[in-house]
2 protein chains.
Amino acid sequence: MLSVIILGSGNVAQHLIKAFSAAADVNLVKAYARHPEKLSHLLPPEKITNVISNLADADVYIISVSDDAIAAVSAELQFKGKLVVHTSGSTPLEILDNKNRRGVFYPLQTFSAAKAIDFSTVPLCLESEFSQDLQTLHTLAQAISKSFYHIDSKQRQALHVAAVFVSNFVNHMYVLGSEVCAQNNIPFDILKPLIKEVADKATSLPPLQAQTGPALRGDEKTISRHLDFLQDEKLKEIYTLLTYSIQQTHEQKL
Amino acid sequence: MLSVIILGSGNVAQHLIKAFSAAADVNLVKAYARHPEKLSHLLPPEKITNVISNLADADVYIISVSDDAIAAVSAELQFKGKLVVHTSGSTPLEILDNKNRRGVFYPLQTFSAAKAIDFSTVPLCLESEFSQDLQTLHTLAQAISKSFYHIDSKQRQALHVAAVFVSNFVNHMYVLGSEVCAQNNIPFDILKPLIKEVADKATSLPPLQAQTGPALRGDEKTISRHLDFLQDEKLKEIYTLLTYSIQQTHEQKL
């Protein structure tokens with residue numbers, strides 16, 4: 001059985017603590033948090049510490065703190081030659097102090113405190129400095145998820161950029177749509193089946209094939225009616241740029 | 001029982017034909033199509049006609065053709081004073097010939113030939129020139145869906161614009177994300193649980209609250225790393241504009 005220590009108390013750390021606590025094949029030895037009370041709803045007091053200099057032995061140490069703090073936390077560790085990983089999508093493996101064997105254990109999902117996640121569906125992106133450690137990370141990943149990938153730092157950066165497009169930017173499109181609704185006394189609920197169907201389609205059809213709408217059809221009449229309707233200059237600019245981008249993307253593929 | 005005649009053979013017309021054929025309380029009298037063979041997999045030959053001058057009597061005539069053809073088809077109808085509706089999100093009620101009582105029966109969903117839709121979840125946006133016809137459209141909507149709204153032409157235009165944001169533009173974000181993946185030998189599958197979760201969140205949380213990511217956090221280090229990573233000028237421009245828009249939107253709400 002693999003033993004694990006988690007360092008951190010944010011959303012990702014908390015979701016990992018829950019997942020490892022529920023896993024049959026993992027021994028979650030301890031969690032480190034500067035403010036132990038942040039984890040007290042998840043673990044008994046004896047499993048939480050705020051003293052980083054005195055961590056027990058474990059097979060894997062998972063640093064799940066904000067990107068800017070990873071380097072400092074890894075440097076504070078008082079041991080050498082052990083497997084230490086971070087969970088960040090946008091941070092290279094090399095940010096970790098090289099006194100330990102370095103790796104990455106990046107769960108590609110959006111985590112919020114308010115919403116439970118079925119961790120078994122979360123893709124885990126694994127990377128290790130030394131090839132023998134990859135097997136350990138595979139075993140650890142399999143204990144909590146059905147889905148894991150070997151992704152190197154260059155790929156992970158690409159993946160993080162792609163995730164910003166399909167997640168943060170997509171959510172912003174929902175925000176802009178909900179504002180247009182609010183300004184016209186339309187319940188946003190009316191758009192929810194459409195939102196769901198578009199996401200469903202993307203999981204069963206290549207997105208390029210799933211594209212619909214006035215931009216794709218080259219329906220200039222509707223496009224100019226929409227631009228007339230949008231009073232806000234920023235919305236006009238976004239509408240124009242994305243319409244152009246849809247048309248350009250699809251022309252390139254013909 | 002309401003009797004209905006559908007004019008058109010595109011995706012929306014076909015989905016409506018399926019839904020009305022399965023509805024207990026609607027009599028689908030006939031469908032008109034210039035090319036009857038397009039509907040032959042849905043209806044028996046005696047229920048399809050390509051002669052518009054000789055349509056039977058019905059309570060509601062539903063014109064479900066391309067936006068540009070609605071006016072012409074409604075003008076070709078040989079009767080007067082009957083309830084005639086179109087199914088377009090972006091076309092005003094007034095486009096219909098005023099010899100008949102005009103209305104709109106707009107299903108707000110993305111339809112493709114390849115993917116079945118549970119019509120009972122599709123929101124129907126109803127509008128009528130004369131108030132007494134609204135009840136007829138309600139009854140018709142209820143026969144095929146659990147969800148219908150009274151939406152006037154101004155609101156419908158807003159809704160169509162909002163739908164472009166949450167549907168066409170969202171799908172384009174999926175396209176751009178999938179291209180970044182393809183260029184870096186990353187399977188797009190890895191992003192699908194994230195896509196699903198972001199859409200799920202939008203249906204349970206106001207999108208403004210669900211926003212996450214480097215733009216929202218003001219994480220300039222990650223933003224500039226992402227911009228360095230993106231070589232394509234169009235992608236850089238989209239990333240920059242949407243990052244700015246996220247920040248501006250959230251500042252306004254504070």
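This structure is a prediction, so every number in the text was calculated from the model and none was measured. (Residues numbered from 1 in each chain as written. Chains lettered and ligands numbered in written order. Predicted model: local features only at pLDDT ≥ 70, side-chain atom pairs only at ≥ 80, totals over all residues. Heavy atoms only, no water.)

(A) Here's a closer look at a negative patch on the surface. Among the surface-exposed residues, Asp232(A), Glu233(A), Glu237(A), Asp232(B), Glu233(B) and Glu237(B) lie close enough to one another that they form a single negatively charged patch. At the level of elements, helix H9 (233-253) of chain A together with helix H9 (233-253) of chain B are the ones that each hand at least two residues to the negative patch. For Asp232(B), the position within the fold is in the loop between helix H8 (220-229) and H9. (Patch = residues over 30% accessible without salt bridge, like charges linked within 9 Å, V, L, I, M, F, W, Y side chains within 5 Å. Areas by Shrake-Rupley, 256 points an atom, 1.4 Å probe, with all protein chains shown as cover. Salt bridge = Lys/Arg side-chain N within 4 Å of Asp/Glu carboxyl O. Lys, Arg positive; Asp, Glu negative; His and termini not counted. Charge placed at Lys NZ, Arg CZ, Asp CG, Glu CD. Helix = DSSP H or I, 4+ residues; strand = E, 2+ residues; numbered from the N terminus.)

(B) Highlighting the pairing of strand E7 (residues 124-128) of chain A. Residues and elements named next belong to chain A. Burial within E7 is extensive, with five of its five residues counted as buried. Side chains Leu124, Leu126 and Ser128 of E7 all project onto a buried face; the interleaved residues Cys125 and Glu127 project onto the opposite face, where all are buried too. The pairing of strand E6 (residues 101-107) with E7 spans five bridges and is classified as antiparallel. In the strand pairing of E7, Phe105 is matched with Leu126. Note that E7 and strand E8 (residues 148-150) share three bridges and pair parallel. Bridge pairing in E8 links Cys125 to Tyr149. Handedness of the crossover joining E7 and E8 through helix H3 (residues 131-144): right-handed. (Buried < 20%, exposed > 50% of the residue type's maximum accessible area, 1.4 Å probe, protein only. Pairing = 2+ DSSP bridges. Right-handed = clockwise from strand over helix to strand, strands pointing away.)

(C) Quick look at the environment of Lys154(A). With respect to the helices, strands and loops of the structure, Lys154(A) is situated in helix H4 (residues 153-183). Judged by its relative accessible area of 53%, Lys154(A) is exposed. For the pair Lys154(A) and Pro92(A), spaced 62 residues apart in sequence, the C-alpha separation works out to 8.1 Å. In this view, Lys154(A) contacts Asn184(B) and Phe229(B); residues no more than four positions away in its chain are not counted. (Contact = heavy atoms within 4.5 Å.)

(D) Region of the structure containing the interface of chain A and chain B. Between chain A and chain B, the contact holds 89 residues from the first and 89 residues from the second. In this assembly, chain A packs against chain B so that about 8500 Å² is buried in total across both faces, 69% of it on carbon and sulfur atoms. When residues of chain A are sorted by the area they lose upon contact with chain B, Phe165(A), Val166(A) and Ile190(A) head the list and together hold 8% of the total. Taken together, the connections running from chain A to chain B amount to two salt bridges. Asp68(B) is paired through a salt bridge with Lys221(A); the nearest N and O atoms lie 3.2 Å apart. (Buried area = accessible area lost by both parts, 1.4 Å probe.)

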